[in-house]
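Chain by chain, the residues:
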Amino acid sequence: MPSLAIYLLGSFQIELNEQNMTAAMRTEKERALLAYLAVEAERSHTREALAELLWPERPEGVARTNLRQALLGVRRTIGDRDSLQPFLLVDDEMVQFNAEQSYWVDTEAFNTHIQTTFSHTHKSLETCLSCAQHLQQAVDLYRGDFMAGLFLPDCSGFQEWIVFHREQYFRYLLSTLLTLSEYFQHLGDFELAHKYARRLVSLDPLDESAHRRLMIILANSGKRAAALEQFQTCRRVLLNEFGVEPSIETSSIYDRIKNGDTLPTRPTTGSLKRVNLPTQLTSFIGR
């Protein structure tokens, strides 16, 4: 049975039976179409709606023709044209991704790993080995922003869909990195705590609490000079972006590190909040 893998966290990629078929997609619209159908696989889509989504400025007849050609290109690439078990269910009016087929999408796997931590019974998320392993796997799946590099300036509705999902995945990545840094700091594994805290700061440099977390981890791992330098980095960012000095809390941590005082082993900020995270995060439909 054919197996299809679709990578959307980062640049768009597809593999069919472990063979990279990304270059076989002729146009950005074909990539956009397959990505949209895969992410919105829980429901069927009318051809009219898909044509309007991807060719909003074209006359209806032209848009429907373009959609038909794009569907042919997608089905050719994923081996659907003569398959008895296609990845896309297509008729004269409707199109839907076939969830019964053998396929894998990184966004779906990312969601599942995070959802597992919400349904798992444990004393604390920040001390649960099983959940930490799931969160690590979620972070490993995140190669970059959702559908990075794909931009369709003539499709405002589709671009809104991308931005909506991009912001959601990014927000959950930040929360996941924060939780992992706290988990490994609590264990005393400062190397991994530093890894996740450093990535958090690099992705969200305007978050002052992320800088504080990294300062504490560096100081507690014996890297006092690096912790003091991190404060200066934080200070430069805040001055350049907002014209303000670091908060009293951040400055206090800096003074304690400078004076060699004992620092808390647990950060003062919270971590990944327990919310009801659906399989596909929050639905874009109807917004």
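Each remark here, short or long, concerns the structure printed above.
Definitions and cut-offs
- Each chain has its residues counted from 1, following the order in which its sequence is written.
- Thresholds applied to this predicted model are a pLDDT of at least 70 for local features of residues and 80 or more for the giving and counting of side-chain atom pairs; totals over whole chains, interfaces and linings are not thresholded and use all residues.
- The basis for every side-chain value is the complete set of heavy atoms in the structure, and neither hydrogens nor water enter the calculation.
- Helix and strand labels come from DSSP, where a helix needs a run of H or I of at least four residues and a strand needs a run of E of at least two; each type is numbered from the N terminus.
- Three exposure classes are used, based on accessible area relative to the maximum for each residue type with a 1.4 Å probe and protein chains only: buried under 20%, partly exposed in between, and exposed over 50%.
- Contact between two residues is taken to exist if any of their heavy atoms lie within 4.5 Å; hydrogens are not considered.
- Areas reported as accessible are Shrake-Rupley estimates using a 1.4 Å probe. Residue values count occlusion only from the protein chains shown.
- Under this rule, positive means Lys or Arg and negative means Asp or Glu; His and the chain ends count for nothing.
- For charged residues, the charge sits on one atom: NZ in Lys, CZ in Arg, CG in Asp, CD in Glu.
- For Phe, Tyr and Trp, where Trp contributes only its six-membered ring, two rings pair if their centres lie within 6.5 Å, and the inter-plane angle classes them as stacked under 30 degrees, edge-to-face over 60, or tilted in between.

Chemist: Would you explain the overall build of the chain in this entry?
Modeler: Along the chain, the regular secondary structure elements total 10 helices and seven strands. Once the C-alpha set of the chain is aligned to its principal axes, its extents read approximately 75 × 40 × 35 Å. Put simply, the chain has 287 residues, and 47% of those count as buried. Within the chain, residue pairs in contact and separated by at least 24 positions form 64% of the contacts whose partners lie at least 6 positions apart. With the model as given, the accessible surface of the chain reaches about 14,100 Å², and the carbon-plus-sulfur share is 49%. Once the 30 positive and 36 negative side-chain charges of the chain are each reduced to a mean point, those two points are 4 Å apart.

Chemist: What should I look at first to understand the environment of glutamate 30 in this one?
Modeler: Within the element layout of this structure, glutamate 30 appears in helix α1 (residues 28-39). You can call glutamate 30 buried: its relative accessible area is 1%. Each C-alpha atom of the pair glutamate 30 and arginine 43 lies 19 Å from the other, and the pair is 13 residues apart in sequence. Those residues in contact with glutamate 30 that lie beyond four places of it in its chain are Met25, Gln69, Ala70, Gly73 and Val74.

Chemist: What's the story with the packing of aromatic side chains in this structure? I'm lost.
Modeler: Each pair of aromatic rings is reported with the distance of its centres and the angle of its planes. Counted under the stated rule, the structure contains 11 aromatic pairs. Ring plane angle 70 degrees and centroid distance 4.9 Å describe the contact between phenylalanine 97 and tyrosine 103, whose orientation is recorded as edge-to-face. With a centroid separation of 4.1 Å and 25 degrees between ring planes, the pair formed by phenylalanine 231 and tyrosine 254 is classed as stacked. Of this pair, phenylalanine 231 sits in helix α9 (residues 224-242) while tyrosine 254 sits in helix α10 (residues 248-258), and the two are 23 residues apart along the sequence. Accessibility assignment for this pair places phenylalanine 231 and tyrosine 254 in one class, buried. Members of the aromatic cluster, connected to one another through ring pairs, are Tyr36, Phe110, Tyr142, Phe146, Phe158, Trp161 and Tyr169.

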